[in-house]
Amino acid sequence: MTQKTLLLTGASRGIGHATVKHFNAAGWRVFTASRQNWAADCPWSEGLMNHIHLDLEDIDSVEQNLALIHDKLGGRLDALVNNAGISPKSETGSRLGVLEMGYADWIKVFNVNLFSTALLAKGLFNELKVAKGCVINVTSIAGSRVHPFAGVAYATSKAALSALTREMAYDFGPHGIRVNAIAPGEIDTSILSPGTEEIVQRDIPLHRLGKPEEVASLIYFLCTGGASYINGSEIHVNGGQHV
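Residues numbered from 1 in each chain as written. Predicted model: local features only at pLDDT ≥ 70, side-chain atom pairs only at ≥ 80, totals over all residues. Heavy atoms only, no water.

Going by what an unreviewed UniProt entry lists, the chain is known as SDR family oxidoreductase and is assigned to Pseudomonas luteola. The chain has a UniProt comment under Sequence similarities (unreviewed entry) that states "Belongs to the short-chain dehydrogenases/reductases (SDR) family." (UniProt positions renumbered as here; feature names shortened; annotations may be inferred.)

Here you go:
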């Protein structure tokens with residue numbers, strides 16, 4: 001059988017790191033792309049060779065690096081997971097609202113969280129079509145409700161990513177490519193803000209944080225045959241926080 005291939009953006013920590021570990025353990029060939037260098041503590045030997053330095057904020061460089069990505073993938077891509085995202089904060093760590101955001105800040109966030117996602121999927125369409133692959137976009141609970149820590153640019157970019165998921169599912173579906181999204185809530189990663197525990201106790205019926213592996217296992221399921229009729233969906237992963 002042909003070894004399946006994953007390309008994931010934003011793999012250096014949290015959900016992304018757990019996801020590439022999960023796919024690697026399942027026998028997939030894993031490629032990662034991020035603006036950070038390869039982390040030495042990642043557990044597979046081919047990781048450094050399969051890492052692509054890609055600054056999603058620089059849209060020109062994304063398009064210029066497509067040739068390198070084509071060459072590394074070798075003609076097929078079974079899963080593209082768009083996990084990279086940024087959420088700028090104020091100097092004190094608080095959310096940035098409409099009154100605090102300048103145009104350059106908006107463009108930076110939307111380049112990383114939305115525009116690069118569309119351009120990568122477009123640029124890798126042929127590889128996805130060959131594999132009858134799938135695309136997973138990582139949105140956020142902040143895309144559907146005001147969040148005390150997620151700023152306006154992050155929230156609106158994630159809401160737009162939800163809409164992009166539907167549009168891509170419609171456009172790519174006739175070619176055998178499924179496109180879905182997952183919307184995590186409060187996940188136990190290094191980027192949690194002070195005060196998260198209050199949200200856990202007040203707003204989450206399960207009264208606990210989610211684990212990165214719980215998100216990774218859902219991403220993996222959506223890329224397997226068990227999810228072969230799921231297309232254009234956004235699945236909440238938040239312990240009931242959205243209800």
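What follows continues from the structure just given.
Participant: So, the pairing of strand β5 (residues 134–138): which residues are in play, and what are the values?
Facilitator: Of all five residues in β5, five are buried; the element is thus mostly enclosed. Pairing between strand β4 (residues 79–82) and β5: four bridges, direction parallel. Directly across from Val81, in β5, lies its bridge partner Ile136. Two elements, β5 and strand β6 (residues 178–184), share five bridges in a ladder whose sense is parallel. Bridging from a neighbouring strand, Asn137 pairs with Ala181 of β6. Taken together, β5, helix α6 (residues 152–172) and β6 form a β-α-β motif whose crossover is right-handed. (Buried < 20%, exposed > 50% of the residue type's maximum accessible area, 1.4 Å probe, protein only. Helix = DSSP H or I, 4+ residues; strand = E, 2+ residues; numbered from the N terminus. Pairing = 2+ DSSP bridges. Right-handed = clockwise from strand over helix to strand, strands pointing away.)

Participant: Lay out the environment of Gly27 in plain terms, naming residues and giving numbers.
Facilitator: You can see Gly27 is positioned in the loop between α1 (14–25) and β2 (29–34). Separated by 140 residues in the primary sequence, Gly27 and Glu167 place their C-alpha atoms 31 Å from one another.

Participant: For the pattern of salt bridges, give the residues involved together with the corresponding values.
Facilitator: Tallying each qualifying case throughout the model produces four salt bridges. With its nearest N and O atoms 2.8 Å apart, the salt bridge here joins Glu214 to Arg208. When its relative accessible area of 32% is taken as the criterion, Glu214 is described as partly exposed. (Salt bridge = Lys/Arg side-chain N within 4 Å of Asp/Glu carboxyl O.)

Participant: I'd like a rundown of the packing of α1 against helix α8 (residues 212–222), residues and numbers included.
Facilitator: Packing of α1 against α8 leaves a shortest axis separation of 8 Å and a crossing angle of 55 degrees. In this view, α1 runs oblique relative to α8, as classed from their interaxial angle. Relative to α8, α1 is oriented so that their crossing is right-handed. Of the residues in α8, those touching α1 at Gly14, Ile15, Ala18, Thr19, His22 and Phe23 are Pro212, Glu213, Val215, Ala216, Ser217, Ile219 and Tyr220. Of the residues assigned to the contact of α1 with α8, the class counts are eight nonpolar, four polar and one charged. (Axes fitted to C-alpha atoms, helices over the stretch in contact; angles between N-to-C directions. Parallel < 35°, antiparallel > 145°, perpendicular 65-115°, else oblique. Left-handed = near helix turned anticlockwise from the far one by under 90°. Contact = heavy atoms within 4.5 Å. Nonpolar A, V, L, I, M, F, W, Y, C, P; charged D, E, K, R; others polar.)

Participant: Help me get a handle on a nonpolar patch on the surface, residues and values and all.
Facilitator: On the surface, Tyr103, Ile107 and Phe115 cluster together into a nonpolar patch covering about 320 Å² of accessible area. Positionally, Phe115 belongs in helix α4 (residues 103–123). In this structure Phe115 comes out as partly exposed when scored by relative accessible area, which is 36%. (Patch = residues over 30% accessible without salt bridge, like charges linked within 9 Å, V, L, I, M, F, W, Y side chains within 5 Å. Areas by Shrake-Rupley, 256 points an atom, 1.4 Å probe, with all protein chains shown as cover.)

Participant: Please set out the nonpolar core residue by residue, giving values where relevant.
Facilitator: Counting residues in each nonpolar core, the largest one holds 35 residues, and the members touching the most others are Leu7, Leu54, Ile69, Leu80, Leu120 and Leu124. Those elements that place two or more of their residues in this core are β2, α3 (66–73), α4, α5 (125–131) and α6. Broken down by element, this core gets its largest block of residues, seven residues, from α6. Non-local contacts of Leu54, meaning those with residues more than four positions away in its chain, are made with Ala33, Ser34, Arg35, Ser61, Val62, Asn65, Ile69 and Leu120. (Core = buried A, V, L, I, M, F, W, Y, C linked by side-chain atoms within 4.5 Å.)

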